[in-house]
Amino acid sequence: MSTLRIIEDLQVDPVANATATAFDPIQQALAVGYSNGTIRLFTQHTASTRLHTNGTSAITHIRFITGYAALVCIDHVGLLRVFDLETLEFCFDYQVPIAPTCISSFAGTSWVLVGTEGGRVYFVDCVNGYKSDYSIGCLAKPVAPVAAVATHPLETEKILIAYANGAVVVCDLGKASVSERAMTVGKYSYESPLELASSSGVWILDAGWSPAGDKIAVSYSNGVIAVFASNGGTLNPMIARTIQCPDIQTPENIQAATNMAPKLSCLGTIRWCTHGETDRSFLVVTSGSTTKLQNYIHILSTNGKNADVKCSQDIVLESSFELPASLLSISTVTSSSPWRNGNDGVVELAALVGQRTLVRKLHILPDLRICSSSLPGELEWCIVPVAQQFAVEGTLSTVLNKALLCSATADSAVPASSNKAVLQLYCCVDDANTLSLWCTVDQRLCRCDGVSLNLDTLFRMVGAEGQITSIHFCALSGLLAMGMDSGETFLCLLTTDPWESLAQQYTSTNQLRKLALQYYNMRPQQPQRPSTQGNRPHSTQVDSPSQQHLGLQRHRSASLHDGGFIKRKSKRLSSSFGMLFRRGSSASGHIRENSKRQDDAGNAALPRDTDIDSMAWKQQLDKLTLEMTPMVYGLQFDPQQQQLLSGHTQLEDADTSCLSMDMSKQKDGSLQLFVLPFMLARFVCCSVVKVVAGEHGLVAIAYSNGTLVVVDAINQKVVLADNINMPPKADSASVSDIFGTIDGIPVAITAMAFAFVGSSQQMSLLVGTSCGHVYQYSDFTKPPRLVGTAPASPIIYLTLETADELDKNQLLVVGTMESVTLYHLYSPEPVATFQPSSDVQLLSMRAVHLKSGWHGIAAIVGNNQLVMLCLPGLTVDSSLKLPSNVERLLHASDACINDSGQIQILGSGGRLMKLHVTGAATEPADSSMQHRCYDDSLKPPPQPVRKGITSWLLGKATDPAADIDAFLGSHHRDLLARGGTRPGTRLHTNVLQPETEELPSLSKRSRQDSKLGEIDKSLDMGEIAETKELLERRGQQLEDVSQAMDQLSLQSEGFLKKIRAYNAEQEKKSKRRFGLF
């Protein structure tokens, strides 16, 4: 019985908006929450993982619990969830009574603080499952939402609470047992100048401590930054400034501040940080025209390491960075220290940008300038969704594999020194019309850094028009071919030297643009071909030129047509890429050698209107190649053009007039890869439907009218020109003839493949047509011959395979949407045939060689099945069900399969799913959820010296965690009473204390618990648990009633003030009436 299984590796949904981010410097993990309720973790040492949230509401807040394998998040409906990072499982949840607005944590403890719209601050222990009955009510009047809450970086007992209405409060939890007034040690409301006031009022948007904890920075909605000195807790205003104006506390400066630019008129997030490399303190401030249109990030230095700010001149604007779209939020990315609220040792910022919100990382240089930084591959994929993908054919050479591995691990997602290999390689074209190279390394999606080509720029330089219709990349040689619906074909090379001379003759870009005018004026008339499909809507691969030009039809992936036709023991030119183009190599005479070879099986007549005259065909070929070779132009670009082609349109701090010629070296000294366009084939303006690049510099181009052209990229000439719909014309053959109008419905070329045929390993070109015929061009000086016939259906896949190592006879695999057929080469009778049920079609197929030794054909069927067919009988070894959520992708998608069983499915909007077929029974069913992302060996650095809470229970303590637990945990609600687990329970149950252990307490709740413990043991334990749950619920209800009473009290006070003011006004009016005034 077969053990083949499908393993789901990755899902990427660019449509889902990123809504929250958090970073753990110890694990070097970035957590991203999305609008669909999912959370993904990105680390350096593992592939991305996702958490089982089981929710659909958008994630609004995320926080790592430092020192614990725990992560807490809050969604849009106010549900707080805790997850175990070791098992990636959900632990417990808590419904926050009032809508949350912000979150913070006590350093060194497992307690988090949650600020709400009602002004109340709640405390939750995210490891032990406690919700403290103690909470801080709104300390601002009238009641206002909490804009920011932050714990002191060095003193555990102090908390900063900033309310939206302008009140800034410093609380001391050590005095909370005395009274609320005693706990409030500092309070201040900044009154903005009238010149900077607005009709809607001035609101606080964010606030935070300085690195030393002696100052507080606050951002306001009118563009003002205020700095307060916290001396012993009391707040004294020091500085009031804007981004442009350093001081607005004098009348003349206030007048200057009123003329601020709209982009600076409203501030947002503010963070007071220290740099991870220089330990220099600085402020990070966001700004924009409104609170929702924040698209600028400013860096202001704050006088050295300790932020010794004494006057407005100590805060200096260092740099500003404009984002391409509006900013939702930012979070800091620190180098090593998790303490001081995560603002110590900051090196990067994680920003959520755009209407379709994406994650972008911004690097902060030592001189406090901002530049873009690299992202993990999945997040990079979401920035500009991919519209088309084309799988790479063949096996990567050793040199190319190493170079691609270095470029793919440039973001440190995978250590470059690790013993990894590129499992899968793709050429992708995104919505911005940029070609990029993506690969899979250790089941991780990676973008090859720097390997990109701006197609719009390339087309403008040479005067090309139209869209890409086909791309093919030969992995062994690094040769890439791109065909367009305008009839042009670009040849590119993946190389480390962008200035390498590859063509024999070059044509300037100015000359090419002039020639383009003449080229497009000679556009032939394309006949409108009626559909020949009957009731089979997906039975052909060729679309009309009008459809291709307008982009109305998605072109199927190139993996449908290519295959593993490179025989492993074949005679290749070279094992390293780039050597293909060395002058004088044996490949230069490859075409001449082919002319001397004789076919063993003779020629078969091509089924045209008349039999093909070999002599006439040869004479036509000689005339056509002589006429068409000058239409193959060499391309060469100067340094500035090369920078534009590679996508580097904005060079920061670089002189573009004198670009460095040594672009092949990266910062770490490794080689940099480039996609170098070096040749353009421009014959007649007829749409290209298929291109195939071979190992020896041969590129086959198929046009919509059945014309086939083969270009020798080494010698820059045409070696084959033929039209499968026309008889040869010996005397009057011309380019206009083979590209001219065809009477009737032309036979289209739907599949092509280069293959090594026979014991002599002769390079041949296999061509499949829309009528089901397969032709072989074994010698480009003789007519083609018929080698196979499918049952009247367009061919979508061709390859040559051997059944096993002992049987060296080659088998021709012919795939259509209705069947897979196997032929012995040169034999018209099929060896075996596989046909799915009549109501489904084959969408994609590929010959695969699994690590387990299994060899056969993998085919994706339209009913969400992956069928594994054994060779040579094409018997069904396994029929594997694809994941249920892949159904929406398959109907309008590109499904690529490579020869090692890696599957990549691309859906609309750039949705991506990666799978692979394995024969190992021990491999987990979903590797994307089984990666261990928490490393126990990574420990946080020692905490800075902190002052503990002077607890009214235990007195002065040195351990902040014990102090907080004693104060907040002395009276609490057990969130695990209804079920749930603590983070780490599944793996470390032996080191955890029993959950029934109680902390010393004098509260009424603890006395009730102790009474429950004295109940007769003969009572049912279920009744005891039920009674305790009722008591917990009653306690929560009493707390809610207390909050409602507080709000009613505040409303009553406001109403009483209005009544008193009204009475006083009426009394004055009556006195005026009687002439008393």
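Not measured: the values here are computed from a predicted model.

Engineer: Could you give an account of the overall build of the chain, naming the residues involved and the relevant values?
Structural biologist: Regarding its fold elements, the chain presents 15 helices and 60 strands. In the chain, which comprises 1077 residues, the share counted as buried stands at 59%. Counting only contacts in the chain whose residues sit at least 6 apart along the sequence, the fraction spanning at least 24 positions is 59%. A total of about 44,100 Å² of accessible surface is found on the chain, and carbon and sulfur atoms cover 51% of it.

Engineer: Just give me the short version of the pairing of strand S52 (residues 855-861), but keep the residues and values in it.
Structural biologist: Summarising burial for S52: seven of the seven residues are buried, a large majority. Two strands pair when backbone bridges link them, and strand S51 (residues 842-849) and S52 are joined in this way by seven bridges, in the antiparallel orientation. Its bridge partner lying in S52, Val848 is registered against Gly856. Adjacent in sequence and paired antiparallel, S52 and strand S53 (residues 865-870) are bridged by three residues, among which Asn864 carries a positive phi angle near 65°.

Engineer: Before we move on, can you summarise a nonpolar patch on the surface with the specific residues and values?
Structural biologist: A cluster of nonpolar residues, Val1041, Met1045 and Leu1048, forms a patch on the protein surface that exposes about 290 Å² of accessible area. The residue Val1041 is located in helix H15 (residues 1021-1073) in this model.

Engineer: Lay out unusual backbone geometry in plain terms, naming residues and giving numbers.
Structural biologist: Cis geometry marks the peptide bond from Lys141 to Pro142, where omega comes out at 0°. Its location among the elements puts Pro142 in the loop between strand S13 (130-132) and strand S14 (146-151). Omega for the peptide link from Leu871 to Pro872 comes to 5°, which places this bond in the cis form. Along the polypeptide, Pro872 turns up in the loop between S53 and strand S54 (875-881). We note that Gln716 has phi near 55°; this positive angle belongs to a residue other than glycine.

Engineer: Can you lay out the sheet that holds S14 for me, pointing to particular residues and giving the numbers?
Structural biologist: With antiparallel pairing, the four strands of this open sheet are ordered in space as S14-S15-S16-S17. The two strands at the open ends of the sheet, each matched to only one other strand, are S14 and strand S17 (184-189). The average angle at which neighbouring strand axes cross in this sheet is 15°, direction not considered. Taken together, the five bridges between strand S15 (residues 158-163) and strand S16 (residues 167-172) define a ladder with antiparallel strand orientation. The residue bridging Ala162 from the neighbouring strand is Val168, located in S16.

Engineer: How would you explain helix H9 (residues 614-628) if you had to name every residue and give the values?
Structural biologist: With 15 residues, H9 extends 21 Å from end C-alpha to end C-alpha; this agrees with the ideal 21 Å at 1.5 Å per step. The secondary structure elements touched by the buried residues of H9 are strand S37 (632-634), strand S41 (707-712), strand S42 (717-723), helix H11 (735-738) and strand S45 (773-777).

Engineer: Give a detailed account of the environment of Val353, specifying residues and quantitative values.
Structural biologist: Position of Val353 relative to the elements: it lies in strand S27 (residues 346-353). Residue classification places Val353 among the buried residues on the basis of a relative accessible area of 3%. With residues near it in sequence (within four places) discarded, Val353 still touches Leu323, Pro324, Ala325, Ser326, Leu327, Leu358 and Arg360.

Engineer: Outline the pattern of salt bridges, supporting the account with residue identities and numerical values.
Structural biologist: Going through the model one piece at a time under the given rule, you end up with 12 salt bridges. The partner of Asp75 in a salt bridge is Arg81, with the nearest N and O atoms 3.2 Å apart. Among the residues examined, Asp75 registers a relative accessible area of 3% and is labelled buried. The class for Arg81 is buried, based on a relative accessible area of 8%.

Engineer: Can you lay out the side chain of His916 for me, pointing to particular residues and giving the numbers?
Structural biologist: Following the sequence through the fold, His916 ends up in strand S57 (residues 912-918). What makes His916 buried here is its relative accessible area of 5%.

Engineer: Tell me about the sheet that holds S51, and please be specific about residues and values.
Structural biologist: Spatially, four strands are ordered S51-S52-S53-S54 in an open sheet, and the strand pairing comes out antiparallel. Both outer strands of the open sheet, S51 and S54, are each paired with one neighbouring strand and no more. Taking each pair of neighbouring strands and ignoring which way they run, the sheet shows an average axis angle of 20°.

Engineer: If you had to explain the confidence of the model for the chain to someone new, which residues and values would you point to?
Structural biologist: In the predicted model, the chain carries a mean pLDDT of 77, and the fraction of residues at 70 or more is 76%. Mean pLDDT across the elements of the chain bottoms out in helix H7 (residues 545-550) (31) and peaks in S37 (95). Confidence drops under pLDDT 50 across residues 411-417; counting only partners more than four residues distant or on other chains, this segment forms 14 contacts. Every residue in residues 649-669 is under pLDDT 50, and counting partners more than four places away or in other chains gives 32 contacts.

Rules of the game
- Residues numbered from 1 in each chain as written.
- Predicted model: local features only at pLDDT ≥ 70, side-chain atom pairs only at ≥ 80, totals over all residues.
- Heavy atoms only, no water.
- Helix = DSSP H or I, 4+ residues; strand = E, 2+ residues; numbered from the N terminus.
- Buried < 20%, exposed > 50% of the residue type's maximum accessible area, 1.4 Å probe, protein only.
- Contact = heavy atoms within 4.5 Å.
- Areas by Shrake-Rupley, 256 points an atom, 1.4 Å probe, with all protein chains shown as cover.
- Pairing = 2+ DSSP bridges.
- Patch = residues over 30% accessible without salt bridge, like charges linked within 9 Å, V, L, I, M, F, W, Y side chains within 5 Å.
- Salt bridge = Lys/Arg side-chain N within 4 Å of Asp/Glu carboxyl O.
- Axes fitted to C-alpha atoms, helices over the stretch in contact; angles between N-to-C directions.
- Expected span 1.5 Å × (residues − 1).
- pLDDT = per-residue confidence, 0-100.

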